[in-house]
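# Survey of secondary and tertiary structure
Chain residues, written in single-letter form:
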Amino acid sequence: MRIARDLPTLRAEAARLGPLALVPTMGALHAGHLALVAAARREAAAMGGAVAASIFVNPLQFGPQEDLARYPRDEAGDLAALEAAGCDLAWLPGVEAMYPPGHGTAIEVAGPSEGWEGAARPGHFRGVATVCAKLFLQTGARVALFGEKDWQQLQVVRRMARDLDLPVRIIGYPTVREADGLAMSSRNRFLSGEERAKASALHAALQGVAQALAAGVPATAALAEMRSGLAAQGFAVDYLALVEPETLRETAALPGRLIAAARLGTVRLLDNIAAG
Ligand code: AMP
């Protein structure tokens, strides 16, 4: 696996490797990220190209009160995991390389970025869209893979790629879960033992709502019941909602996407599933 830490090296490697399938990450890699790399391998094989993964903890997508400083970092472990997963090129830009002094351009995606994570984390999707556009242009990737785990992010990136006619195909990959249903996340390591034992209740709640909806229970009633159920178990629920899958607009109609964010202690858990 080649490692690029500056743009000239990245461009030279990319030219050598042919069409790239890119997996953008913030590192602290787990089996969910590595499943994206495996899927990227299949895409790369189909187009006679190679797999690239980026590791960049993007300061632009963290709010001033958020966990940028404590975001987990393990470069050596990540590089070993990427190599073992068959990644051909690791792109590890420093903050200075990504945002040189004086940088002043950002991408604002209206529509799917509004509400939910966009409301809870002002500026978050501006940071995500800006860094993803840069990663696509830096690598020249023909395909980029994103996890459905971050459903709203996936819709924001798709919207941006469409709106800007970026020559990259965005592929969503199903959420990889722990045995008890908890969606894998780099932040799960911050759960205490007791919190970890409770955490899978979020996924169970989403499944409970999906079953209730399928049985004809009105969305508002099913959602309200699960919100109070989660609160009773110690979750601080930021939102639990049924939305149109692509626009993220709230809906009562199926098929939709059930999305949730809830805090357990200091850890904010995100999850979503299809409904209907
Ligand atoms: P992150 O490093 O958290 O920015 O995630 C990098 C990519 O991996 C994003 O496209 C995420 O949606 C995806 N991802 C994170 N966790 C999972 C998971 N449990 N299953 C599938 N994809 C995931």
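Located above this text is the structure these notes cover.
Since the structure is predicted, the reported quantities are computational estimates derived from the model, not experimental observations.

## So, the environment of Leu213
Looking at the secondary structure, you find Leu213 in helix α9 (residues 201-214). Assessed through its relative accessible area of 9%, Leu213 is described here as buried. Sequence separation between Leu213 and Val156 is 57 residues; the distance between their C-alpha atoms is 26 Å.

## Some words on the site of the ligand
Every one of the 17 residues lining the ligand counts as a neighbour, but His33, Gly147, Asp150, Val176 and Met184 are closest to it. In this structure, Gly147 approaches the ligand through a main-chain N or O atom, which is 2.9 Å from an oxygen atom. Within the backbone of Val176, one N or O atom sits 2.8 Å away from a nitrogen atom of the ligand. Burial of the ligand by the protein amounts to 93% of the accessible area it has alone, namely 490 Å². Of all the secondary-structure elements, those providing two or more residues to the shell around the ligand are β2 (20-25), α2 (31-46) and β5 (143-147). In terms of residue count, α2 provides more of the shell around the ligand than any other element does, 3 residues in total. A per-class count over the shell around the ligand returns 8 nonpolar, 7 polar and 2 charged.

## Details of the sheet that holds β2
Strands sit in the order β1-β4-β3-β2-β5-β6 across an open sheet of 6 strands; the sheet is parallel. Of all the strands in the sheet, just β1 (2-4) and β6 (169-173) have a single pairing partner and so form its edges. Neighbour to neighbour, the strand axes of the sheet diverge by 25° on average, direction disregarded. Where β1 and strand β4 (residues 89-91) come together, 3 bridges link them in parallel fashion. Residue pairing in the sheet places Ala4 in a bridge with Trp91 of β4. Along the sheet, helix α1 (residues 7-17) contacts β1, β2, β3 (50-55) and β4; its crossing angle with β4, the most-contacted strand, is approximately 155°. On the sheet, helix α7 (residues 151-163) packs against β5 and β6 and is oriented at approximately 170° with respect to β6.

## Focus: the packing of aromatic side chains
Under the counting rule described, the total for this entry stands at 4 aromatic pairs. Between Phe62 and Tyr71, the ring centres sit 5.8 Å apart and the planes meet at 80°, which makes this aromatic pair edge-to-face. Note on accessibility: Phe62 and Tyr71 belong to one class, buried. Just above the ring of Phe190 sits the side chain of Arg70; from NZ or CZ to the centre is 4.1 Å. Above the plane of the ring of Trp151 lies Arg257, whose end atom (NZ or CZ) is 3.8 Å from the centre.

How each quantity is defined
Residues numbered from 1 in each chain as written. Predicted model: local features only at pLDDT ≥ 70, side-chain atom pairs only at ≥ 80, totals over all residues. Heavy atoms only, no water. Helix = DSSP H or I, 4+ residues; strand = E, 2+ residues; numbered from the N terminus. Buried < 20%, exposed > 50% of the residue type's maximum accessible area, 1.4 Å probe, protein only. Near = heavy atom within 4 Å. Polar contact = N/O pair within 3.5 Å; in protein donor to acceptor, adjacent residues only side chain to side chain. Areas by Shrake-Rupley, 256 points an atom, 1.4 Å probe, with all protein chains shown as cover. Nonpolar A, V, L, I, M, F, W, Y, C, P; charged D, E, K, R; others polar. Pairing = 2+ DSSP bridges. Axes fitted to C-alpha atoms, helices over the stretch in contact; angles between N-to-C directions. Contact = heavy atoms within 4.5 Å. Phe/Tyr/Trp six-rings, centres within 6.5 Å; stacked < 30°, edge-to-face > 60°. Lys NZ or Arg CZ within 6 Å of the ring centre and 35° of its normal.

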